[in-house]
Structures are given as structure tokens and as C-alpha cells.
Amino acid sequence: MLIQQLVNGLLLGTTFALIALSFNLVVGALDRLNFALGETAMVSAICGALFLSQLDVPFVLAFLAALVVGALIAGITFLLSFRFVSADYHTAPILSSLGVGLVLTSLVTRVLGSDQRRVPTVLKDVRIEVGPLRIVGDQLIILVVAALMTVLLYIFLNRTAWGMAIRGVSDDSDMTGLLGVPVQRVILLTFVISGTLAGASGLLTGLSFHTVSPFTGFETTLTALMVIVLGGLGNITGGVVAALMIGVIETLTVAYLSATYRDLIVFLLVGITLVARPQGLFTRNTGVVGRV
Amino acid sequence: MADLQMRALDITKHFQGVAALTDVTLEVERGSIHGVVGPNGAGKTTLLNVMSGFLSPSQGVVELDGRDITRLTPQKRVPLGLTRTFQNLRLFGGLTVRENVLLGQHSHARTGFLSLWPLRTAGDKELDCEADHALESFGLTEYRSRPAATLPYGLQKQLEIARAVSAKPRLLLMDEPAAGMTAQERLDLVPRIRSLRDEGLTVVIVEHDMDVIATVCDVVTVLNFGRSLIEGTPADALSSAEVRTAYLGT
Amino acid sequence: MDAYTEAVVIRLGIAILLALGYWITAATGKFSFGHAAFMAIGAYTAAILTVNFEWSLATSMLISGLTAAVAGAFIGWIALRLSILYLAIITFAFAEIVKILLDSWDYVGGASGLFGMRGTTVELVAMCIGVVIVYLFFLARSRKGLSYEAIREDEQAARACGLGVTGISVEAFAVSAAITGVAGALSAHETLIITPSQFGAPQSLLIILFVVLGGVQYFWGAIVGAVVLTMLPIWFDFLDNYYQITYGLLFVVLMILRPQGIIGRSTERRFNLGALKKLASSRNGAGRDG
């Protein structure tokens, strides 16, 4: 069932794409990594799952709640780990956001317990069958929502004033600042959007496995990091392509080799990329070596 | 045939498709003080970064004493006798003044694991003497134990030159040495640069300030929009019509 | 010394060793986010040698250090040519790879671990710390130590002075990994059983916190950090339940108020509350005309 596996892989890849976009936006804006985004996704997913299972709200509402939670946490992370941390210490934001991640995980386990949460099926009766290929309703949701968000992000970045400002800041924050763009507010906006994407990715991943656990934050971060290294740090399009690639590779490895090799093969691929093409598979820019 | 020490030949440098330098050639004669001037954005600093190895050119060749050094990293150019200063001071701010000078000597010092052994060789002692001498001649002796960042700006500029000279270069690239200096400091800079030359150094100065260039340089190259406009004596170069148009817009 | 005190002292000693090892790479400004991996490499190497080959602990520790150094040099060589973002990502991922490999390696017991190691004594730990401190004492007074500081302060300026930044950083990273490996070997022969999960991200973060708390300026700052963070949960039992939150908050608060660590001279103001404007202009590539 190669085709089925390919499609499953692409579906997995779309959720990776969202979280990779989330990381890449921050890298682009500040040349810094927000290591709390994995935990941000986790908290959003748990909130979404609680809305769905405890309050029985429609999926749309739960999804919006996840987005808001993600945006909020990312905004707070920006303030705590970036805005008020001296820029002279390049590692400080990484350490600080790792700290935020630790706090988020332990807060969730303390307040809500460390059990896994179930994400109920949303579209029970929908399924598409084309020949041997089968896509169920929830997979459709994931595909449509993830694609929609990616497209919206592209339109936002390329067509709106704020989007252009974000791209301006990521090209050259000094120059953009001189042109009268409120750099700090643009960066905050970048974080909020990045958190929204993380939230979406969290709940959609939960939907695809029908369960969320409070201990997935670290794993999510790791996957996202592998994706953005493969696609080139800060390269938005490269990240999306790399996410789909890794989704397919992981799915195929699990299906045809064994689950133990899943991460190893991805790491190996990323390792080779780093040695041979450190700027990432899809970036032409060779200046990355000198970048701080 | 002039005695060329350094040559940057047909240098082109693109930044993401934008040309910062186009076919610029710079020939530096041994023992000269060579100025590179031009308005902001003319590519002066880019040229200096290419010459010192901090940027690799998109096209073109950099030669030092006839040897192709285009692909060498900055740290490999230092032992060949090429050092530089920076436009916006790059001192080791948290380290003391003397430590900054000691670091300038890095390429001449023992730095392997054996150097951890506290017993010091004659060579070590000689370098220490040279460091103290450099501190003295740049008027920094009384500040030797202070963190470099706590010095007044003018002294920091002096320290950066002292550090660069401690590497015992044969060619010194100076990026805007007069930037941020007071009028008096600028006046002091001229004899300082002359005395460096008299000690056998070739000096290349990238500078925005015309007065310094006109006073101290033997040869001037004028850049504009990443192209070299003219090369000649300061008097010739700075009075040419093209340069006046580029610079003053008149 | 009763058994409990001895256990505490050994634990403290290993923490100090870990902190000192990490300090060496932190002194060059290069932070690893997966140093627990080198601990794991050291621990498993020594454990295999003492348990399966019945080597003496001292010899096994030497081999542990060497193995960890080779791994450190390799990872350093891949990561340190690139930016610190890549270093963070690569060390982070490396620790995870080591864990996965150990988990699926039956020879060392997979996820259920390896056991039967013994032999770590207070004297042995003290000797290791002594050697490392002597090394650091001389390092701090040498040009090599100075070049570490220079790289931490300003890499571009260091390159302009002729320092081979990558080479020096890789060397420091390898030495750091070696000491961490030896500490891992000691800890394996103290706890009697090792499992891959002991060497996960929390352990890596704890090591970082030792050094970040104490500051990278002086190596004895790292010792202070290690002592404080090891003794706190022993003195205050309740911290045991909240250690993750405490450590997380400690990172956040420290980075805002004292990113240079508690100990250390600073050329800036004592607390960093005002350094906001610099944030936006933090991208300092070498390059174009201003």
C-alpha cells in the first residue's frame, strides 16, 4: 500500500510544516530560536482536547481556543525570554525559552495531571475512497486546515503591510527600524503568529493520533528543529518542503522497516545535510556560516 | 614597475543579488599609505572585508606579496602579515587593556597545551616586553589592568590599533580610524599613522573623512556605487570633477 | 564518614566535575544543550569495560574520557563551524540520538539498562576534581585560556587577531566532553545501574544551569553553581516535587537579571533591566557599509 503510506506521510508532514513555519518565523525575525514552541503546541493541544471532550464544543471553537492559547503563550515567551533579555548574550534566549518550556510542562502536569487526553473523532461519517486509497474525515480536516493556514500565512507575508514589515525585519531590522517600522511590535506580532501556528499544529497532531500527552513538547521541538535544519534555518518554503519530506520518510520507515529506525533515519539525513550542505537543502544563501 | 605588496584584482561582490562592488581593482605599493574614499554605501568597508578575508568575493582575486590569498580565512592572513581594525571598534570589552594587546600577538605566541606549563620561555618573556612596549607607545600603560570597555572612546581606538600592530603585520588595513573621534584626536591620528609607516608598515585606510585622507595618504582610490572612479595623489583625485560630483553632488 | 554522607559527597563531587567540564566549553561562549550525551558515553564505556571485561575502574575512566573526547570533537567539528543556533540544535539532537541508540542496543540492556557497577570512592572523585582544577588553574593563566575568553567576547575580533576560532572551540569542546565523560563513568559506578533515560534533556539542562548560575567568568563560579543546585534539593525536601518548575523559573529569571551568572565582573550595569533597545539591533553580521 505504497500510495496510502505516501498520503499518510504527507498528512503527517502538513502538521510538521505548521510547527516548522512557527519556528522559522522566529528565526527569521530575530535570528533566535524559541525553544518553548514545542511546549506551546502541547499546551494548546491539551486545552483544545479539554474543550472537545469536557465541554463538548464544536471542533471549530476548540481549534480557535488552541490558536488563542498558542498565541498567548508565545507572546508571553517573547516578553520573558527575548524582549527583556540582553541581546549581548546570544545563548540567553535559548536557555530562557527552554526554561519556559520546562515550566509549561510541569505546570500542565501539576494542574491537569499527567494523563493522556483523548481527542474525539470530529467527522465520523466522512471518508473518501479512491481505488485502494482511503482518507477519513479527520485526515481531511488536518489537510485542509494545514494547507489553508500555510496559504494564509504566505498571503499575509507577501500582500499585507504587516506581513511585509515582518519580512523587512527579518532581512535587516536596523534598516527597517530606520524606515519607521515599529520593530518591537512587529517582532511581537511574529511571535504571536508563530504561537498560533504552533497551537494549530499541536491540536491537529492530536487529532491525527486522537490523543495528546503533556510530555510531547520536547519531542515536537526536536522534530521541528530537524525539519528547519533540513530546509535551511529561516527558510520558510524550504521548511514546508522539508516537513513534507520528513513526514513521508518517517511514515515509510515505520511501515516498511521498523519504528525504532524512524528517528534515526531522520537524524542521519539531517546529519549528512549538515556536513554537506549546512545551509539546508533548499537555501542558496552560503552566508550562513558566518552568521551569529 | 612599482613594488606591489597587495593587490585586489577585479573584485566583484554581490549581496543577495545586489552588487556592492563591481570589478574593483586596488594595488597597494609597499611602504605607502593608501586611502580608499567614497560616499556612504560606496563599498569601502566591503572591499576591506574582502581584503582581510571576512568576506569572500563573488569574483576576483586577492594577492599578498604575489601569493593568492583569496580563499584564506582572516586568521590565516594574520601570520602572513595582514591585520585590520574595525569601523565600530571590536575590542574584547570584558578583558583588560593588556590582555587585548596580548591577544594581538596570538600568531607569534605559544598557545598549545604545553603553554599551560607555568615555566616561561625566553620567547614568552620577549612577547611580554613587546606588549608592554606597545602599551607605552600608545599611551595606555596606566590603563593596562582596566577592562577595555571602560576606556574613553579615543583610547579604545588607540588600543585597537595597538592590538593590530602587536601582530607585527607588514600591512595594516584601517576601517574608518577617524570615525567618532574628536577634532583633536583626528589631528593626533595623522602623525600616528605616519609613524607606523616609518616603522615599515604599509597602511590602507578606508575613510569617510576627507581631511585625514588628504593629509596623510600618498595614493587615493575613490569608490562610488561599488566601482572605482579614479586613483591618484590626494590632490589630483579629490579635485577631479567626477569625484566632486559623486561626493558633493555639485 | 557514614554511608549517607559519603553518597552525598560523591554526588556533590560528580556535580562539580560536570560543572567544571561544561565550564570549559562555556568559557569559549559555546553552549552545548546535550552534554548528558557525553556523560552517557562515558558511563556506558566504563560500565562495559568494568562489568564485561573486568578492567579496573581507573583505566576504564581514562578510556571513557577518550571516547567522549572523540565524540565531542566530532560533534564540535560539525556544529562549531556554523552559528550558535546550529550548535544548540545539533547538540540537542545528538543527545537524543545517543539515547535512542542506547535504548535499542541489547548488548547494554536496552531501555532496562546496565547494572553491577561499583567502585566509585570519595578519594577517586576528589582526585579527578583535583586534576581538573589544576588544569583549569593553569588554563586561566595561559594564553590558551585568554583565547577562550577572546572568542567568547567577540569572534570577529578574535579572527582579526589571528585566532583559529573553530579549531580552538572544537578543542575546548572535546576537552569539556572528556571531563563530562569521566564524570559519567564515576556516576555510573556510584548508582550501580544506568539506563538511557537518566541521560536525557533534564540532565543536560541541569549541567547548563550549574554553569549559568555560577557564571562563565571564573571556573570556581561553576563549582558554586554545582554545590548550590545539588545541595538545595537535599536541604529542602519539598523542592524535590517542584524542581522542574524551580529550574525553569531560575533560567528565565537569571537570563533577564544576570545573564552573565551570579559570579563575575561585568562591564555593564549590575542588573540588565534597561538593555531593551539593543534587542532589535542584535544582528551584527560583518559586512556592508553602514
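It should be emphasised that the depicted structure is a prediction, and the values quoted were computed from it without experimental measurement. (Residues numbered from 1 in each chain as written. Chains lettered and ligands numbered in written order. Predicted model: local features only at pLDDT ≥ 70, side-chain atom pairs only at ≥ 80, totals over all residues. Heavy atoms only, no water.)

### Quick notes on the overall build of chain A
Then comes step 1: Helix and strand counts for chain A stand at eleven helices and four strands.
Then comes step 2: In terms of C-alpha radius of gyration, chain A reaches 19 Å, essentially the compact-globule figure of 19 Å for 292 residues.
Then comes step 3: Overall size of chain A, expressed as C-alpha extent along the three principal axes, is 55 × 45 × 35 Å.
Then comes step 4: A total of 292 residues make up chain A; the buried ones form 57% of that total.
Then comes step 5: A separation of at least 24 residues holds for 75% of the contacts in chain A among residues at least 6 apart in sequence.
Then comes step 6: Of the charged side chains in chain A, 15 are positive and 14 negative; the average position of the first set lies 3 Å away from that of the second. (Helix = DSSP H or I, 4+ residues; strand = E, 2+ residues; numbered from the N terminus. Rg over C-alpha atoms; globule rule 2.2 N^0.38 Å. Buried < 20%, exposed > 50% of the residue type's maximum accessible area, 1.4 Å probe, protein only. Contact = heavy atoms within 4.5 Å. Lys, Arg positive; Asp, Glu negative; His and termini not counted. Charge placed at Lys NZ, Arg CZ, Asp CG, Glu CD.)

### As for the sheet that holds strand β1 (residues 4-15) of chain B
All names here are of chain B.
Then comes step 1: Taken in spatial order, the four strands line up as β2-β1-β4-β5 in an open sheet, and their pairing is antiparallel. The open sheet has two edge strands with one neighbour each: β2 (18-29) and β5 (67-68).
Then comes step 2: Where β1 and β2 come together, eight bridges link them in antiparallel fashion. Across the sheet, Lys13 pairs through a bridge with Leu21, a residue of β2.
Then comes step 3: Those strands touched by helix α1 (residues 44-52) are β1, β2 and β4 (59-64), and its axis lies near 60° from that of β2. (Pairing = 2+ DSSP bridges. Axes fitted to C-alpha atoms, helices over the stretch in contact; angles between N-to-C directions.)

### Notes on the environment of Arg110 of chain A
Then comes step 1: Relative to the helices and strands, Arg110 of chain A resides in helix α4 (residues 92-112).
Then comes step 2: A C-alpha to C-alpha distance of 40 Å links Arg110 of chain A and Ala165 of chain A, two positions 55 residues apart in sequence.
Then comes step 3: In this view, Arg110 of chain A contacts Asn241, Tyr242 and Ile245 of chain C; residues no more than four positions away in its chain are not counted.

### Observations regarding the confidence of the model for chain A
Then comes step 1: Taken residue by residue, chain A gives an average pLDDT of 87. The fraction at 70 or more is 94%.
Then comes step 2: In the model of chain A, helix α7 (residues 173-178) of chain A stands out as the element of lowest mean pLDDT, 66, in contrast to helix α3 (residues 59-83) of chain A, which has the highest, 94. (pLDDT = per-residue confidence, 0-100.)

### Comments concerning the arrangement of the chains
Then comes step 1: With two pairs of chains in contact, the largest contact count belongs to chains A and C.
Then comes step 2: The closest approach of any C-alpha atom in chain A to one in chain B is 8 Å; the two make no contact.

### A closer look at the interface of chain C and chain B
Then comes step 1: Taken together, the contacts link 33 residues of chain C with 43 residues of chain B.
Then comes step 2: Of the roughly 3200 Å² buried between chain C and chain B, counting both surfaces, carbon and sulfur atoms make up 61%.
Then comes step 3: Inspection of the region where chain C meets chain B yields one salt bridge.
Then comes step 4: Joining chain C to chain B, the criterion identifies six residue pairs in polar contact (both at pLDDT 80 or more).
Then comes step 5: Going through the elements one at a time, α5 (122-140), α6 (143-153), α7 (155-160) and α8 (165-191) of chain C are the ones with two or more residues in the side of chain C that touches chain B.
Then comes step 6: No other element matches the seven residues that α6 of chain C contributes to the side of chain C that touches chain B.
Then comes step 7: Per-class residue counts for the side of chain C that touches chain B are 14 nonpolar, nine polar and ten charged. (Buried area = accessible area lost by both parts, 1.4 Å probe. Salt bridge = Lys/Arg side-chain N within 4 Å of Asp/Glu carboxyl O. Polar contact = N/O pair within 3.5 Å; in protein donor to acceptor, adjacent residues only side chain to side chain. Nonpolar A, V, L, I, M, F, W, Y, C, P; charged D, E, K, R; others polar.)

### Describing the packing of aromatic side chains
Then comes step 1: Applying the stated rule across the entire model yields 15 aromatic pairs over all chains.
Then comes step 2: Seen in terms of ring centroids, Phe78 of chain A and Phe191 of chain A are 4.9 Å apart; in terms of plane orientation they differ by 40°. Their pairing is tilted. A residue pair is termed long-range when its members are at least 10 positions apart, and Phe78 of chain A in helix α3 and Phe191 of chain A in helix α8 (residues 183-209) qualify at 113 residues. Assigned by exposure class, Phe78 of chain A and Phe191 of chain A land together as buried.
Then comes step 3: Relative to Phe138 of chain C, the ring of Phe137 of chain C lies with its centre 5.7 Å away and its plane at 75°, an arrangement referred to as edge-to-face.
Then comes step 4: Residue classification places Phe137 of chain C among the partly exposed residues on the basis of a relative accessible area of 39%.
Then comes step 5: Feature note: the residues Phe35 and Phe218 of chain A together with Phe33 and Phe92 of chain C constitute an aromatic cluster, connected by ring pairs.
Then comes step 6: Positioned over the ring face of Tyr242 of chain C is Arg110 of chain A, at 4.5 Å from the centre of the ring. (Phe/Tyr/Trp six-rings, centres within 6.5 Å; stacked < 30°, edge-to-face > 60°. Lys NZ or Arg CZ within 6 Å of the ring centre and 35° of its normal.)

### A short note on the packing of helix α10 (residues 236-256) of chain A against helix α11 (residues 261-276) of chain A
Any two packed helices are characterised by how steeply their axes cross, that is the angle between the axes, and by the distance between the axes.
All names here are of chain A.
Then comes step 1: Axis separation between α10 and α11 bottoms out at 8 Å; the angle between their running directions is 140°. Between α10 and α11, the interaxial angle falls into the category oblique. You can see that α10 and α11 cross each other, and the crossing is right-handed. Contacts between α10 and α11 involve Met245, Ile246, Ile249, Glu250, Thr253 and Val254 from the first element and Tyr261, Arg262, Asp263, Ile265, Val266 and Leu269 from the second.
Then comes step 2: In the contact of α10 with α11, the residues fall into eight nonpolar, one polar and three charged. (Parallel < 35°, antiparallel > 145°, perpendicular 65-115°, else oblique. Left-handed = near helix turned anticlockwise from the far one by under 90°.)

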